[in-house]
There are 2 protein chains.
Amino acid sequence: MANSKQEVESLESLLESNLPNEELKQAWRLLYGSEYPPSELTIPKTATELASVSKIQLKTYQFTAAQEQLRPPRKVRIGLFQNQLPLATDAPVAEQRAALHKLAEKAIEAAAQCGVNVFCFQETWTMPFAFATRERLPWTECAESAEEGPTTVLLRNLAKRHNMVIINPILERDAGDVLWNCAVVISNSGQIIGKSRKNHIPRVGDFNESTYYMESTLGHPVFETQFGKIGINICYGRHHPLNWAMFGLNGAEIVFNPSATVGALSEPLWSIEARNAAIANHYFACAINRVGTEIFPNEFTSGDGKPAHKDFGHFYGSSYVAAPDGSRSPGLSRVTDGLLVAELDLNLCRQVKDKWGFRMTMRLPMYAELYTKASKPDYKPQVVSENERPRED
Amino acid sequence: MANSKQEVESLESLLESNLPNEELKQAWRLLYGSEYPPSELTIPKTATELASVSKIQLKTYQFTAAQEQLRPPRKVRIGLFQNQLPLATDAPVAEQRAALHKLAEKAIEAAAQCGVNVFCFQETWTMPFAFATRERLPWTECAESAEEGPTTVLLRNLAKRHNMVIINPILERDAGDVLWNCAVVISNSGQIIGKSRKNHIPRVGDFNESTYYMESTLGHPVFETQFGKIGINICYGRHHPLNWAMFGLNGAEIVFNPSATVGALSEPLWSIEARNAAIANHYFACAINRVGTEIFPNEFTSGDGKPAHKDFGHFYGSSYVAAPDGSRSPGLSRVTDGLLVAELDLNLCRQVKDKWGFRMTMRLPMYAELYTKASKPDYKPQVVSENERPRED
């Protein structure tokens, strides 16, 4: 909405504009774990045109795996969509939602033309990220039923039409008027497979989201779709390695991380956490962030000694896909709407699992015991001081 | 030892040589979470000279914290040392060790002149990284007693002389002739505080170290030194987030990760894993890697279909320190011996813990339960298929 002009387009564009070709290749290998130039997909011209008309940056990327004897390749195309708010935050809620729905239809249409099988939006994509305001109305009016809300209804139609699994991260109002930060998983048949909710709620800076909703009680579900086993780890859950690990233990092959986070707070962490999760858990991890600066009608403070203000900084986009082998795609823009279409060969997950063996060498029973001890109020940390011998346990 | 000429010096040098100043500042912020140029320390000229004569790249870096009212700053200087083998691997074992001891004395002397309080070597620093050969003699002769071996004896003297805690990662032979991958923690008083052993043993590529030693039974000890609470997570343990987390739960403020790893296998992971651990666990994480190519007397194969060979690639150095706030130091060289001296204000750990709150929001009791279930042979992963409702638990 504002300020985006002063923002750098992306790290990738800085490198590509300034490094000579040989140096760019070397830097790319060190940073992204893959060859330069990145391996792109062939997509129809109509998709490029539709994206261009809709001002959506369209980028593609291909992850490959070795050929096996007994399993055919399991190639799946995923679409990650990051977007700004099309309307100002003081527009009527219904109009804001309608404008977002319209944008979504275009993004999904472009994704369908690229052959996308699984599509995911950013966190609470049907509304401004208004939780810093701590205001109830009108923001809680943006909450919907996960099963019957207008967004799920729209996306069930689009999912069936395009034979596409769609992940729909919304502010959910359940039948008991409890609010949740939720992601609905809609099958390519148009049916709802299930939902996942945010497991960890931030209490940091402007992200005082505990004002609005509580931690999930739904565990770490992995959804078995026609296009692979997928999990959804919403936003702040990406800071918690124990959370990422449970999706892996439940068999996820792709974990989506729909997020909303701003530069001053988290940007140095962004390229690290989802990628580490992909490495540690032998699955693909997809980090999706909002983009743009959202300005609110009323001013609010941030508990940082600074004056009241009406925005909480620039959502820096930079959505990307990380692979189990440690490589990653380039990121989308830091300033514009974007659709990242990536082809994954899901066979890579088991191939890397067999190569690196983290699942086999993780000593899970030992950590189950240690965490059980460490979670008790009377836990005595294993600390060794001079003239003491280390404890054996 | 060889091939280092074709190797890139470092990612940092690529960026510094090619990016214009404004672009460099932006890229640096995105990549390292801090200002460019990096904040260095003032050190005596004698240290620079000694390092230079000994062909050790000397780099310094400063991490700061906010001023508090009740706690004074807790500034600690740490030294990370990465080195090549000074002699060929077919030199007599005693000569190889003597040459490494001589090099160590110089590095520690330079570190002492820089005011280093805690010094750490790379993994099994007193020997070639010979485990890929699967040969017993002469390599098992490089094993020493953690308490009474010649290296511990030498370092106890140096520790006392320089008022420096020294972490001594060696191949340990215990009283029962069991071999371990160990790190001895020697106090600045010259006394041994205790030891830590490698918790996770690789079975990947050439790193078939399970041939030589077993997983630690010593847990995740944190050593209370005069210069902060430190843990040692040896090499392959850096791939395991559950392992990193236990050091945090035991109160570590600095976790050292003495390692030995080569480019083709792990380089895209190197900058991610220790840094993610620093972020997730609110402590400083120090990644130290060997450097150079080590050529062995007899050829060996690698289980990758390729012909037998006498080395297993280039150890790429690149040692660095990552801070709990997500920032990190530049890395040491990919090709030369190096000493990284970093000043840490340990107050930053609790400051970031209070800001981000991962320890508070981690839901440890829930994960203790989930991991206990997941570690049982009859664990049924939480998988939701179409026309099933998600399980509530």
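An account of the accompanying structure is given in this report. In this text, all values refer to a predicted model and were calculated from it rather than measured experimentally. (Residues numbered from 1 in each chain as written. Chains lettered and ligands numbered in written order. Predicted model: local features only at pLDDT ≥ 70, side-chain atom pairs only at ≥ 80, totals over all residues. Heavy atoms only, no water.)

Remarks on the environment of Leu80 of chain A
Residue and element names in this part refer to chain A.
- Along the chain, Leu80 falls in strand β2 (residues 75-82).
- Assessed through its relative accessible area of 0%, Leu80 is described here as buried.
- Between the alpha carbons of Leu80 and Phe358 there is a distance of 27 Å; along the sequence they are 278 residues apart.
- Once you skip the residues sitting within four places of it in the chain, Leu80 turns out to touch Cys120, Phe256, Cys286, Ala287, Ile288, Tyr320, Val321, Leu332, Gly338, Leu339 and Leu340. (Helix = DSSP H or I, 4+ residues; strand = E, 2+ residues; numbered from the N terminus. Buried < 20%, exposed > 50% of the residue type's maximum accessible area, 1.4 Å probe, protein only. Contact = heavy atoms within 4.5 Å.)

Looking at the sheet that holds strand β3 (residues 118-120) of chain B
Residues and elements named next belong to chain B.
- The sheet built from seven strands is open, its strands ordered β1-β16-β2-β3-β4-β5-β6 with mixed pairing. Pairing within the sheet leaves two strands with one partner each, and these edge strands are β1 (57-62) and β6 (192-197). Averaged over all neighbouring strand pairs, the angle between strand axes comes to 20 degrees, with direction disregarded.
- Bridge count between strand β2 (residues 75-82) and β3: three bridges; the pairing is parallel. Counterpart to Leu80 in the pairing with β3 is Cys120. (Pairing = 2+ DSSP bridges. Axes fitted to C-alpha atoms, helices over the stretch in contact; angles between N-to-C directions.)

Remarks on the environment of Tyr367 of chain A
- Along the chain, Tyr367 of chain A falls in helix α10 (residues 364-374).
- In this structure Tyr367 of chain A touches Met362 of chain A together with Asn199, His200, His220, Leu242, Asn243 and Met246 of chain B, once residues within four positions along its chain are discounted.

Structural notes on the packing of aromatic side chains
All names here are of chain A.
- Considering all chains together, one arrives at 47 aromatic pairs over all chains under this definition.
- Between the aromatic rings of Phe121 and Trp125, the centroid separation amounts to 3.9 Å while the plane-to-plane angle is 5 degrees, which identifies the pairing as stacked. Here Phe121 matches Trp125 in class, with each residue buried.
- Ring plane angle 35 degrees and centroid distance 6.1 Å describe the contact between Tyr367 and Tyr371, whose orientation is recorded as tilted. A residue pair is termed a helical-turn pair when its members lie 3 or 4 positions apart in one helix, as Tyr367 and Tyr371 do in helix α10 at four residues. (Phe/Tyr/Trp six-rings, centres within 6.5 Å; stacked < 30°, edge-to-face > 60°.)

Observations regarding the pattern of salt bridges
- Tallied over the full model, the rule gives 37 salt bridges over all chains.
- Where Arg74 of chain A meets Glu253 of chain A, a salt bridge forms, and the shortest distance between an N and an O atom there is 2.4 Å. Residue Arg74 of chain A is located in the loop between β1 (57-62) and β2, and its partner Glu253 of chain A is located in the loop between α6 (241-249) and β11 (254-258); the two are separated by 179 residues in the primary sequence.
- Looking at Arg74 of chain A, the relative accessible area reads 30%, which means it is partly exposed.
- The salt bridge involving Glu343 of chain B is made with Arg77 of chain B; its shortest N-O contact spans 2.9 Å. Taken together, the residues Glu343 of chain B in strand β16 (residues 338-345) and Arg77 of chain B in strand β2 connect sequence positions 266 residues apart.
- Three or more residues are tied together by salt bridges with common partners; here these are Glu7, Glu267 and Arg334 of chain A together with Arg29 of chain B. (Salt bridge = Lys/Arg side-chain N within 4 Å of Asp/Glu carboxyl O.)

Side note on helix α8 (residues 347-356) of chain A
- Within the sequence span of α8 of chain A, burial applies to Asn347, Leu348, Cys349, Val352 and Trp356 of chain A.
- Looking at the buried residues of α8 of chain A, the elements they touch are β12 (284-288), β16 (338-345) and α9 (358-361) of chain A together with β7 (203-204) and α7 (263-281) of chain B.
- Phi turns positive one or two residues past the end of α8 of chain A, at Gly357 of chain A, with a value near 70 degrees.

Some words on the side chain of Asn289 of chain B
Residue and element names in this part refer to chain B.
- In this fold, Asn289 is placed in the loop between β12 (284-288) and β13 (291-293).
- Judged by relative accessible area, which is 0%, Asn289 ranks as buried.
- Looking at Asn289, its side chain comes within polar contact range of the main-chain oxygen of Gly317, at 3.5 Å. (Polar contact = N/O pair within 3.5 Å; in protein donor to acceptor, adjacent residues only side chain to side chain.)

Digging into the packing of helix α3 (residues 45-53) of chain B against helix α4 (residues 93-113) of chain B
Residue and element names in this part refer to chain B.
- Contact geometry for α3 and α4: axes closest at 8 Å, N-to-C directions at 160 degrees. Taken together, the axes of α3 and α4 lie roughly antiparallel to each other. As for the relative orientation of α3 and α4, their crossing is left-handed in sense. Of α4, the residues touching α3 (which contributes Thr46, Ala47 and Leu50) are Lys106, Glu109, Ala110 and Gln113.
- Class assignment of the residues belonging to the contact of α3 with α4 gives a composition of three nonpolar, two polar and two charged. (Parallel < 35°, antiparallel > 145°, perpendicular 65-115°, else oblique. Left-handed = near helix turned anticlockwise from the far one by under 90°. Nonpolar A, V, L, I, M, F, W, Y, C, P; charged D, E, K, R; others polar.)

A closer look at the interface of chain A and chain B
- The interface is formed by 91 residues belonging to chain A together with 91 residues belonging to chain B.
- When residues of chain A are sorted by the area they lose upon contact with chain B, Leu30, Trp356 and Tyr371 of chain A head the list and together hold 9% of the total.
- Applying the counting rule to chain A against chain B returns two salt bridges.
- Run the count over chain A and chain B and you get 43 residue pairs in polar contact (both at pLDDT 80 or more).
- In terms of residues, the side of chain A that touches chain B owes the most to one element, helix α7 (residues 263-281) of chain A, which gives twelve residues.
- For the side of chain A that touches chain B, a count of residues per class yields 44 nonpolar, 27 polar and 20 charged.
- Looking at chain direction, strand β9 (residues 222-225) of chain A and strand β17 (residues 383-385) of chain B are connected through three bridges and run parallel. (Buried area = accessible area lost by both parts, 1.4 Å probe.)

So, the relation of the copies chain A and chain B
- The transform that puts chain A on chain B rotates by 180 degrees and translates by 0.0 Å along the axis, for an RMSD of 0.0 Å. What the rotation and shift describe, once combined, is the action of a two-fold rotation axis. (Least-squares fit on C-alpha atoms with pLDDT ≥ 70 in both.)

Considering the sheet that holds strand β10 (residues 228-232) of chain A
- Taken in spatial order, the six strands of this open sheet run β15(A)-β12(A)-β11(A)-β10(A)-β9(A)-β17(B), and their pairing is mixed. Two strands lie at the open edges of the sheet, namely β15 (320-322) of chain A together with β17 of chain B, each paired on one side alone. When strand polarity is set aside, the average angle formed by the axes of neighbouring strands in this sheet is 25 degrees.
- As paired strands, β10 of chain A and β11 of chain A are joined by three bridges and run parallel to one another. Among the inter-strand pairings, Ile230 of chain A is bridged to a residue of β11 of chain A, identified as Ile254 of chain A.
- Against the sheet, α6 of chain A makes contact with β9, β10, β11 and β12 of chain A, and its axis sits at roughly 145 degrees relative to β11 of chain A, the strand it touches most.
- Sitting on the sheet, α7 of chain A is in contact with β11, β12 and β15 of chain A, with an inclination near 35 degrees to β15 of chain A.

So, the nonpolar core
- Counting 126 residues, the largest nonpolar core has Ile78 of chain A together with Ile78 of chain B as the members making the most contacts within it.
- The contacts of Ile78 of chain B, once residues within four sequence positions are left out, are Val116, Val118, Ile254, Phe256, Cys286, Val321, Leu340, Val341, Ala342 and Leu344 of chain B. (Core = buried A, V, L, I, M, F, W, Y, C linked by side-chain atoms within 4.5 Å.)

As for the state of the cysteines
- Within the structure shown, the criterion is met by zero disulfides over all chains.
- For the unlinked cysteine Cys349 of chain B, the closest cysteine sulfur is that of Cys286 of chain B, found at 10 Å. (Disulfide = S-S within 2.5 Å.)

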